[in-house]
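Okay, here's what each chain looks like letter by letter:
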Amino acid sequence: MSKEIIVNVGERETRICVVEDSRPLELQIEREERVVGGVYKAKVVNVLQGMDAAFVDIGLERNAFLYVGDVLPTSFSGSLASRGKPAPGPVARVEEADSAESGDLTDDDEPDDDDLADDIEYADDDQAAEEAAPVAASASPTRWQQGRGRLRRSDLRDQRIRDVVRTGQELLVQVIKGPRSTKGARVSTRISLPGRYLVLMPEINSIGISRKIEDARERDRLRRIADKLRPAGAGIIVRTEAEDKAEEDLVQDIEFLKKTWSDVQIAAGERRAPALVQQDLSLLYKTIRDIFGSDVDRMIIDDPAEYEKANDLLMRISPGLAGRIQLYDGREPIFDHFGLEEELDRLTRRKVFMKNGGSLVIDETEALTVIDVNTSRYVGGASLNETILKTNVDAADEIARQLRLRDIGGIIVIDFIDMSSVRDKQTVLRTLESALRKDRSRTRISGISGLGLVEMTRKRTGETLTGFMTDECPYCNGRGHLPSAESVTNLIERDLRRMASAQANRGKAFIVRCHTDVAELLIGPESAAVEELERLLQCAVFVRADDDAHLEKYSIKPADADALEAEVASLRASGVTQCRVARSLLKEAGRCVGWAGGLLIDLDDSRRQVGQTVAVKLTSVRRSWGAGELDAAPRKEGARPAAAGGRR
């Protein structure tokens, strides 16, 4: 299996795509200010006891959310100078004697609500599924300090927010989830600084070992090294990349992290809240640090300056991988050259077709993401059960890839095609689990329900790719649906009834401007609908199509009936006008209408002229409707029709 990292550096954005066997698996884009991972000096704006949370100002557009489970109680001293010193009282330390997994979070540490309580996993945000870290002890007595041998995440959630922060207090926080949609960033007072092999947690006195390092002897060796390197009162997570690495490599990493923490403390003491204390590293730097390992065959960069920087960085942190970074100097754009652009362009589409002809429909909502599996063009093989199983297995693999590519997080519900066989259900579930093991974000999967539904969660740290690359439609407000022309017509009629019944409008005429489709329905065949409306309302109604109006937009205003009648009379007298030919919604298939200055013109046979502006000889003209036929008579040079046509 070949694995490559393709880097496209532009003036406005940097795109990095991880590719395995020519298939893109991950796409990361960096455009604006880097927020996630940044350390900020914050000021508490509001403490909400009912939510066990506070909102803090970190200098961004929206205040950040600070959950009680993300607060180290020692920070309540209010003095930033005290940060980095061991907390008073007992220090949280992991029991090491009896467990090869010591330092890892237990199941009870895991939160039930992804939106309110995550593990301390930003330390290795891009490898959240594989790293683990215990949490620090409270300055006030907890159940753990009163006798339990191991601190669990629930101890922090059992605090009361008013006991650990107060309005106006200044805190040092780190962004663990970026802003998305209408929500601000989520922050934590538990600072974690990631390196290539280690993660330094300056205020959490413990040691954690990556769960992906399975060899017991190697875990013990790394734990001993970590214990020796760990600064007093601080904690260390040993990352997967540290497996089989020499102690000297880890020493170099921890020295760099200690210097970084010292710089953070100095900057925090010099700045007033709200302020950025330390911005997270660039996307390319994090990619080399977190992804570019021995399993990557090569990284290809299309920018000479970034190529030099990447090589210098690699020589410092992993000299053994030197030579695997290459410069792309082709004339064709790098993503086009590797066949990525076309596939990445499809990432914002709702429907995804699989190679076998089946398809996925992906709907992202505020609360969850729903994925529907369909056979679509796949007709199958020997039996229906075999067809369903094949489609579901292929879908499971593609779903795992799409989740990584689109960076979809939170609650995900997958609607597989119903399977009657328990064995088939287990096969699909195992395929999904196997495909998700490659995902660096933490995932959890439930079993398949009787309806063929799978519920799962995936760690979310910011906006999805769709949310990042697109804006909400201003016309449908992101719903993906607009009212039909018939629905808008009914709305107009109801509004006309209300306006006509108002005492101030008695006897007045009204002019309605709306989309051409709505106008045709409102007018009706030979103006029958609008004339019936006039009879019911006891007033004149003039309907005009607005070439610039969107389907759901319309206006109704009282009008000067004499002036509008004079316009109609002038058009009637001219006998000829120009109109734009369009297909009709009401007439039989292939029949057309024309629009002349917003007035509907009923045409007999003009199918060949659809989309063209033609001269029409008028045979009848009323307030909102006219009839005519194509004018075949030659016109004198310089002669002009009475009115210009509209868009349709």
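**Quick word on the overall build of the chain**
Here is step 1: Helices and strands together make up the secondary structure of the chain, namely 15 helices and 29 strands.
Here is step 2: The buried share among the 648 residues of the chain stands at 49%.
Here is step 3: By sequence separation, contacts in the chain at least 24 residues apart represent 69% of the contacts at least 6 residues apart.

**A look at the layout of surface pockets**
Here is step 1: Its volume calculated, the second largest pocket comes out at about 1000 Å³.
Here is step 2: Looking at the lining of the second largest pocket, the elements with two or more residues in it are β17 (359–364), β18 (368–374) and α11 (465–469).
Here is step 3: When residues of the lining of the second largest pocket are assigned to their parent elements, the largest contribution, three residues, is made by β17.
Here is step 4: Across the lining of the second largest pocket, the residue classes break down as six nonpolar, 13 polar and twelve charged.

**Concerning the side chain of Ser318**
Here is step 1: For Ser318, the position within the fold is in the loop between α6 (304–317) and β15 (325–327).
Here is step 2: With sequence-adjacent residues up to four places away left out, Ser318 is seen in contact with Arg196 and Tyr197.

**Some points on the packing of helix α12 (residues 485–501) against helix α14 (residues 528–537)**
Any two packed helices are characterised by how steeply their axes cross, that is the angle between the axes, and by the distance between the axes.
Here is step 1: Where α12 meets α14, the axes come as close as 11 Å, and the angle between the chain directions of the two elements is 25 degrees. Between α12 and α14, the angle falls in the class roughly parallel. Note on packing geometry: the crossing formed by α12 with α14 is right-handed. Together, Glu493, Leu496, Arg497 and Ala500 of α12 and Leu533, Leu536 and Leu537 of α14 make up the contact between the two elements.
Here is step 2: Of the residues belonging to the contact of α12 with α14, the class tally is five nonpolar, no polar and two charged.

**A look at the packing of aromatic side chains**
Here is step 1: Scanning the model with the defined rule gives two aromatic pairs in all.
Here is step 2: Pairing Phe55 with Phe65 gives two aromatic rings, centres 5.7 Å apart and planes at 65 degrees, and the pair type is edge-to-face. Of this pair, Phe55 sits in strand β5 (residues 53–57) while Phe65 sits in strand β6 (residues 64–67); the two residues are ten residues apart in sequence, bridging distant segments of the chain.
Here is step 3: Classification of Phe65 as buried rests on a relative accessible area of 13%.

**A few points about the pattern of salt bridges**
Here is step 1: Inspection of every chain in the model, using the stated rule, returns 36 salt bridges.
Here is step 2: As a salt-bridge pair, Glu13 and Arg31 come within 2.7 Å of each other at their nearest N and O atoms. Highlighted residues: Glu13 in the loop between β1 (3–9) and β2 (14–20) and Arg31 in the loop between β3 (23–30) and β4 (39–48), separated in sequence by 18 residues.
Here is step 3: Among the residues examined, Arg31 registers a relative accessible area of 38% and is labelled partly exposed.
Here is step 4: Note that Arg401 and Glu343 form a salt bridge whose closest N and O atoms lie 2.7 Å from each other. You can see Arg401 sitting in helix α9 (residues 384–406) and its partner Glu343 sitting in helix α8 (residues 341–345), a full 58 residues away along the chain. For the pair Arg401 and Glu343, one class covers both residues: buried.

**Thoughts on the side chain of Asp424**
Here is step 1: Mapping Asp424 onto the fold places it in helix α10 (residues 422–436).
Here is step 2: Although Asp424 lies buried, it forms no salt bridge, and the closest oppositely charged side chain, Arg423, sits 6.4 Å away as judged by the N-O distance.
Here is step 3: When sequence neighbours within four positions are dropped, the list of residues in contact with Asp424 reads Leu389 and Met419.

**A word on the sheet that holds β3**
Here is step 1: The sheet built from five strands is open, its strands ordered β3-β2-β1-β14-β15 with mixed pairing. Single-partner strands in this sheet number two, and they are β3 and β15. Pairwise comparison of adjacent strand axes, ignoring direction, gives a mean angle of 20 degrees for this sheet.
Here is step 2: Where β1 lies against strand β14 (residues 298–301), four bridges are found, and the strand directions are parallel.

**Comments concerning the pairing of β5**
Here is step 1: Both β4 and β5 contribute to a ladder of five bridges, which runs antiparallel. What sits directly across from Asn46, in β5, is Phe55.
Here is step 2: Direction of pairing for β5 relative to β6: antiparallel, over a ladder of four bridges. Directly across from Ala54, in β6, lies its bridge partner Leu66.
Here is step 3: As consecutive antiparallel partners, β5 and β6 are separated by six residues, and within that stretch Gly59 has a phi angle of approximately 95 degrees, a positive value.

**Structural notes on the packing of helix α5 (residues 283–290) against α6**
Here is step 1: Direction vectors running N to C along α5 and α6 enclose 35 degrees, while the axes themselves pass 10 Å from each other. Remark: the crossing between α5 and α6 carries right-handed chirality. For the pair formed by α5 and α6, the contact residues are Leu284, Tyr285, Ile288 and Arg289 on the first element and Glu306, Ala310, Leu313, Leu314 and Ile317 on the second.

**Considering the environment of Thr577**
Here is step 1: Tracing the backbone shows Thr577 in strand β25 (residues 576–583).
Here is step 2: Distance in space between the C-alpha atoms of Thr577 and Val616 is 5.5 Å, their sequence separation being 39 residues.

**Here's the deal with the sheet that holds strand β12 (residues 235–238)**
Here is step 1: Reading across the sheet, the four strands line up as β9-β10-β12-β11 and stay open at both edges, with mixed pairing between neighbours. The sheet is open, and its two edges are formed by β9 (193–194) and β11 (207–209), each paired on a single side.
Here is step 2: The sheet contact formed by β11 and β12 spans three bridges and is parallel. Across the sheet, residue Ile207 finds its bridge partner in β12, namely Ile236.

**A few points about α9**
Here is step 1: Between its first and last C-alpha atoms α9 spans 31 Å; for 23 residues at 1.5 Å apiece the expected length is 33 Å, and the two agree.
Here is step 2: One or two steps after α9, the chain reaches Asp407, where phi turns positive at roughly 55 degrees.

**Overview of α12**
Here is step 1: The end-to-end C-alpha distance of α12 is 25 Å, a good match for the 24 Å that 17 residues give at a rise of 1.5 Å each.
Here is step 2: What α12 keeps buried is the set Ala485, Val488, Thr489, Ile492, Leu496 and Ala500. For α12, the angular spread of the buried residues around the axis is 105 degrees, confining them to a single face.
Here is step 3: Elements in contact with the buried residues of α12: β22 (509–514), α13 (516–523), α14, β23 (541–545) and β24 (554–559).

**Some points on the confidence of the model for the chain**
Here is step 1: Scored by pLDDT, the chain has a mean of 80; 84% of the residues are at 70 or more.
Here is step 2: Every residue in residues 634–648 scores below 50 in pLDDT, and together they form 38 contacts with partners more than four places removed in sequence or on other chains.

**Some remarks on the pairing of strand β10 (residues 198–201)**
Here is step 1: On β10, burial covers both faces: Leu198 and Leu200 on one face and Val199 and Met201 on the other are all buried.
Here is step 2: Two elements, β9 and β10, share two bridges in a ladder whose sense is antiparallel. Directly across from Leu193, in β10, lies its bridge partner Leu200.
Here is step 3: Counted between consecutive antiparallel strands, the loop separating β9 from β10 contains three residues.
Here is step 4: Here four bridges tie β10 to β12, and the two strands are oriented antiparallel to one another.

Conventions and cut-offs
- Residues numbered from 1 in each chain as written.
- Predicted model: local features only at pLDDT ≥ 70, side-chain atom pairs only at ≥ 80, totals over all residues.
- Heavy atoms only, no water.
- Helix = DSSP H or I, 4+ residues; strand = E, 2+ residues; numbered from the N terminus.
- Buried < 20%, exposed > 50% of the residue type's maximum accessible area, 1.4 Å probe, protein only.
- Contact = heavy atoms within 4.5 Å.
- 1 Å grid on protein atoms, 1.4 Å probe; cavity = no way out; pocket = protein on both sides within 12 Å on 5 of 7 lines; lining within 4 Å.
- Points joined across faces, edges and corners; volume = space filled by probe spheres on them.
- Nonpolar A, V, L, I, M, F, W, Y, C, P; charged D, E, K, R; others polar.
- Axes fitted to C-alpha atoms, helices over the stretch in contact; angles between N-to-C directions.
- Parallel < 35°, antiparallel > 145°, perpendicular 65-115°, else oblique.
- Left-handed = near helix turned anticlockwise from the far one by under 90°.
- Phe/Tyr/Trp six-rings, centres within 6.5 Å; stacked < 30°, edge-to-face > 60°.
- Salt bridge = Lys/Arg side-chain N within 4 Å of Asp/Glu carboxyl O.
- Lys, Arg positive; Asp, Glu negative; His and termini not counted.
- Pairing = 2+ DSSP bridges.
- Expected span 1.5 Å × (residues − 1).
- Arc of directions from axis to C-beta.
- pLDDT = per-residue confidence, 0-100.

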